[in-house]
Amino acid sequence: MEAILTYFGALKPAALLRACPGGIAQGLIWGIMALGVFMTFRMLNIADMTVDGSFATGGAVCIMLVLSGWNPQAALLMSCLAGATAGMVTGLLHTMLGIPDILAGILTQISLYSINLNIMGKANQSVNVAKVSFYFTNNVRLLSRTILISALCCAAMIAIIHWYLGTQHGSALRATGANEKMARAQGINTNRMKVIGLALGDGLVGLSGGILSQFQGYADVNMGRGAIVIGLAAVIIGEVLGQAFLRKRFNLLLQLVFVVVGAIVYYLVYVFVIWLKFPADDMKLLTAVVVAVFLAVPYLKDHSKNSFRHLAKKNAKLQREEAPHA
Amino acid sequence: MLEIKNIYKTFNPGTINEKHALNGVNLTLNDGDFVTVIGGNGAGKSTMLNAVAGVWPVDSGMILMDGTDISGLSEHQRAPLLGRVFQDPMTGTAANMTIEENLALAERRGKPRGLRRGVTKAGRERYHELLKMLDLGLEDRLTVRVGLLSGGQRQALTLLMATLEKPKLLLLDEHTAALDPKTAHKVLHLTRRLVRDNGLTALMVTHNMKDALHYGNRTIMMNEGKILADIDSQSKTQLKVDDLLRLFERNSGAALDNDRMLLG
């Protein structure tokens, strides 16, 4: 009892408030990655396992280019291109060599581990943030600026993706994910669309990795580990929240917005749990639990409405009530 | 216009599941032909349509369209020439896209897909008029997801999509088999009207013998991957379902034991 009291006594509400802006910034940055996952997972209907690798590739490319004197923003562009190339490789493995999509992603991901080590020359590389001025930085004094720029970045990406998905080309991409047979019957080269879609998705993931490496001032070969789970978490948390609050008004644009909202919510939960002094080693376990809960909620909700057991109970009761009169 | 020359296709060759699906099919369609295709299960009707559509390459033989061999083109490369409607109403449309988005996709068949708007204002007005013609009340539901439509509505929409960009050849693979009789009738009527109004050439697989005789100007009968009989429009008007059954028995040397065909 005393232990619990001292535990809660040691938690400072002010510390939680102080940690929130950092969580929001991280959520916005990972939100860009989640938008990439949305492109592949929801639009193409492929669970793209490349992202764990391409996220770190984006970070590695950005840090190494900045170290060699590149402009940080130009370096981000290269992060995006590097990610897109990785996605393209997964797409080609899948479409040209007939490797199942999930396996193709895993193959690219594992090969990227070595490639990332080669890019950086060692497991991690850092930039002296005092010497380089980044738009994205976890420096507490500049955090509000970082949040603003990240939010603008997310808004721009959402606008571009929404515009693209409404074009003839973007519609063909969606058709490929929705109904491949129909897409081919309409003359769409579905293999090419898959490669393009994976490249676009992983391009966003690479960009996000680059931004995060600037934010934290270093890139690490392990920085993308579990990224796909965080991306899926953001997509699914966003969907559950969006459907709960907006119901029929939940259109494509709002779906994209809620992907980012999902990422922010995920990081706020993360901040909260860290504040509760949850051991850092167990965070991956927690991530899995959070994703499982959000995946299960819509299913269980539907199940409670459409359940054989409830129906059996209800009808048994009805029969009992009718029996005396019979 | 379509010339099928001696095509063969064997599925799972060299295995216990080996199936000689097409055994030397020869067929020539003239411009404006509306041909119905009948035959028992496994006769090769759908396989022939899939061969023309390019779902997979045939083992041997040629498929000519207006004199050009298309047998080496992949499915999406042939799509500009073909309009297709499938047996399963789910197959022809993208369920989680709206009616207008599906129509816009079909309108770009055979054209490059660029970065212009998928659904335009002018397009929307066009779709409204076309859907009005279907008389299913879909014209006011352009922004509704296709997944919410009934099977009959989806087949009607797929038909419209298949003919929106006038195809050289319309392939109908038992497109009314999954519908209730009344809806099937409606969809068949619509089919005939679209074929007539657009002056299309069509190949329609059906299990319903009455429909096979009633619609189109020619009927071909298939069995074991071959064409058994080719009935022209003149003899078609005089034939009854019983005559067809007898014709089948005589040509195949076997009685027709397919319930679905007899029921038709």
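Residues numbered from 1 in each chain as written. Chains lettered and ligands numbered in written order. Predicted model: local features only at pLDDT ≥ 70, side-chain atom pairs only at ≥ 80, totals over all residues. Heavy atoms only, no water.

Caption draft 1: Up close: the pattern of salt bridges. Scanning the model with the defined rule gives 15 salt bridges over all chains in all. Here A:Glu180 ties to A:Arg184 by a salt bridge, and the two come within 3.2 Å at their closest N and O atoms. One end of the pair is A:Glu180 and the other is A:Arg184, both in helix α8 (residues 180-185) and four residues apart, which spans about a single turn. Here A:Arg184 falls in the partly exposed class, since its relative accessible area comes to 24%. Taking the shortest distance from any N to any O, the salt bridge between B:Asp59 and B:Lys9 comes out at 3.8 Å. With B:Asp59 in the loop between α1 (45-53) and β4 (60-65) and B:Lys9 in strand β1 (residues 2-11), this pair connects stretches of sequence that are 50 residues apart. When salt bridges that share partners are traced, they join A:Glu180, A:Arg184, A:Lys194, B:Glu75 and B:Arg84 into one network. (Salt bridge = Lys/Arg side-chain N within 4 Å of Asp/Glu carboxyl O. Helix = DSSP H or I, 4+ residues; strand = E, 2+ residues; numbered from the N terminus. Buried < 20%, exposed > 50% of the residue type's maximum accessible area, 1.4 Å probe, protein only.)

Caption draft 2: Spotlight on the packing of aromatic side chains. Residue and element names in this part refer to chain A. Overall, the coordinates contain nine aromatic pairs over all chains when judged by the stated rule. Each ring, one from Phe250 and one from Phe258, has its centre 5.8 Å from the other, and the planes form 85°; the classification is edge-to-face. Taken as a pair, Phe250 and Phe258 share a single burial class, namely buried. Between Tyr267 and Tyr270 the ring centres are 5.5 Å apart and the planes differ by 45°, which places this aromatic pair in the tilted class. A residue pair is termed a helical-turn pair when its members lie 3 or 4 positions apart in one helix, as Tyr267 and Tyr270 do in helix α11 (residues 252-275) at three residues. Of the aromatic side chains, those joined through ring pairs into one cluster are Trp30, Phe55, Tyr266, Tyr267 and Tyr270. (Phe/Tyr/Trp six-rings, centres within 6.5 Å; stacked < 30°, edge-to-face > 60°.)

Caption draft 3: Summary view of the interface of chain B and chain A. Listed by partner, the interface residues are 27 residues for chain B and 20 residues for chain A. With both chains or domains summed, chain B and chain A bury close to 2,200 Å², and 57% of this area falls on carbon and sulfur atoms. Note that B:Glu101 and A:Arg174 form a salt bridge whose closest N and O atoms lie 3.1 Å from each other. Counting every contact that joins chain B to chain A gives 12 residue pairs in polar contact (both at pLDDT 80 or more). Those elements giving two or more residues to the side of chain B that touches chain A turn out to be α2 (75-78) and α3 (99-107) of chain B. Counting residues per element, the side of chain B that touches chain A draws most heavily on α3(B), at four residues. A per-class count over the side of chain B that touches chain A returns 11 nonpolar, eight polar and eight charged. (Contact = heavy atoms within 4.5 Å. Buried area = accessible area lost by both parts, 1.4 Å probe. Polar contact = N/O pair within 3.5 Å; in protein donor to acceptor, adjacent residues only side chain to side chain. Nonpolar A, V, L, I, M, F, W, Y, C, P; charged D, E, K, R; others polar.)

Caption draft 4: A look at unusual backbone geometry. One non-glycine residue with positive phi stands out, namely B:Asp66, at about 50°. Within the secondary structure layout, B:Asp66 lies in the loop between β4 and β5 (68-69).

Caption draft 5: Broad picture of the confidence of the model for chain A. With 99% of its residues at a pLDDT of at least 70, chain A reaches an overall mean of 93. Ranking the helices and strands of chain A by mean pLDDT puts helix α4 (residues 72-97) of chain A first, with 98, and helix α1 (residues 2-10) of chain A last, with 81. (pLDDT = per-residue confidence, 0-100.)

Caption draft 6: Quick look at the packing of helix α2 (residues 13-43) of chain A against α11(A). Residues and elements named next belong to chain A. At a minimum axis separation of 6 Å, α2 and α11 run at an interaxial angle of 140°. Looking at the two axes, α2 sits oblique to α11. Relative to α11, α2 is oriented so that their crossing is right-handed. For the contact of α2 with α11, the class distribution of residues is 23 nonpolar, five polar and no charged. (Axes fitted to C-alpha atoms, helices over the stretch in contact; angles between N-to-C directions. Parallel < 35°, antiparallel > 145°, perpendicular 65-115°, else oblique. Left-handed = near helix turned anticlockwise from the far one by under 90°.)

Caption draft 7: Structural context of the nonpolar core. By size, the foremost hydrophobic cluster in this structure holds 117 residues, and its most contacted members are A:Leu35, B:Ile99, B:Leu103 and B:Leu131. Here A:Leu35 is in contact with A:Cys154, A:Met157, A:Ile158, A:Ile161, A:Leu204, A:Leu256, A:Val259 and A:Val260, once residues within four sequence places are set aside. Ranked by size, the runner-up nonpolar core spans 29 residues in total, among them B:Leu29, B:Ala43, B:Leu49 and B:Leu203. (Core = buried A, V, L, I, M, F, W, Y, C linked by side-chain atoms within 4.5 Å.)

Caption draft 8: Broad picture of the sheet that holds β5(B). All names here are of chain B. Ordered by their spatial adjacency, four strands build an open sheet running β2-β1-β4-β5, and the pairing between neighbours is antiparallel. Taken across any chain shown, the strands that pair with only one partner, and hence form the sheet edges, are β2 (19-29) and β5. Note that β1 and β2 share eight bridges and pair antiparallel. Each bridged residue has a counterpart across the sheet, and for Lys9 the counterpart in β2 is Leu22. Packed on one face of the sheet, α1 meets β1, β2 and β4 and runs near 65° to β2. (Pairing = 2+ DSSP bridges.)

Caption draft 9: Up close: the sheet that holds strand β10 (residues 226-231) of chain B. All names here are of chain B. What the six strands build is an open sheet, ordered β6-β7-β8-β3-β9-β10; its pairing is mixed. A single partner strand is all that each edge strand has here, and the edge strands are β6 (82-85) and β10. Neighbour to neighbour, the strand axes of the sheet diverge by 20° on average, direction disregarded. Across four bridges, the pairing between β6 and strand β7 (residues 169-173) is parallel. Note on β7: the bridge partner recorded for Arg84 is Leu171. Packing against the sheet, helix α5 (residues 151-164) makes contact with β6 and β7, and its axis sits at approximately 175° to β6. Helix-sheet contacts for helix α9 (residues 241-252) involve β3 (34-38), β9 (218-223) and β10, and the interaxial angle to β10 is about 140°.

Caption draft 10: How the structure looks around α9(B). All names here are of chain B. Between its terminal C-alpha atoms α9 stretches 16 Å, which fits the 16 Å expected from 12 residues at 1.5 Å a residue. Turning to α9, its buried residues number three or more, namely Leu244, Leu245, Leu247 and Phe248. The buried residues of α9 occupy one face: seen down the axis, they fall within an arc of 160°. Relative to its buried face, α9 has exposed residues pointing more than 90 degrees away, namely Asp242, Arg246 and Arg250. (Expected span 1.5 Å × (residues − 1). Arc of directions from axis to C-beta.)

Caption draft 11: Inspection of the pairing of β1(B) at higher detail. Where β1(B) meets β4(B), five bridges bridge the pair, whose relative direction is antiparallel. Looking across to β4(B), one finds that B:Tyr8 is bridged to B:Ser60.

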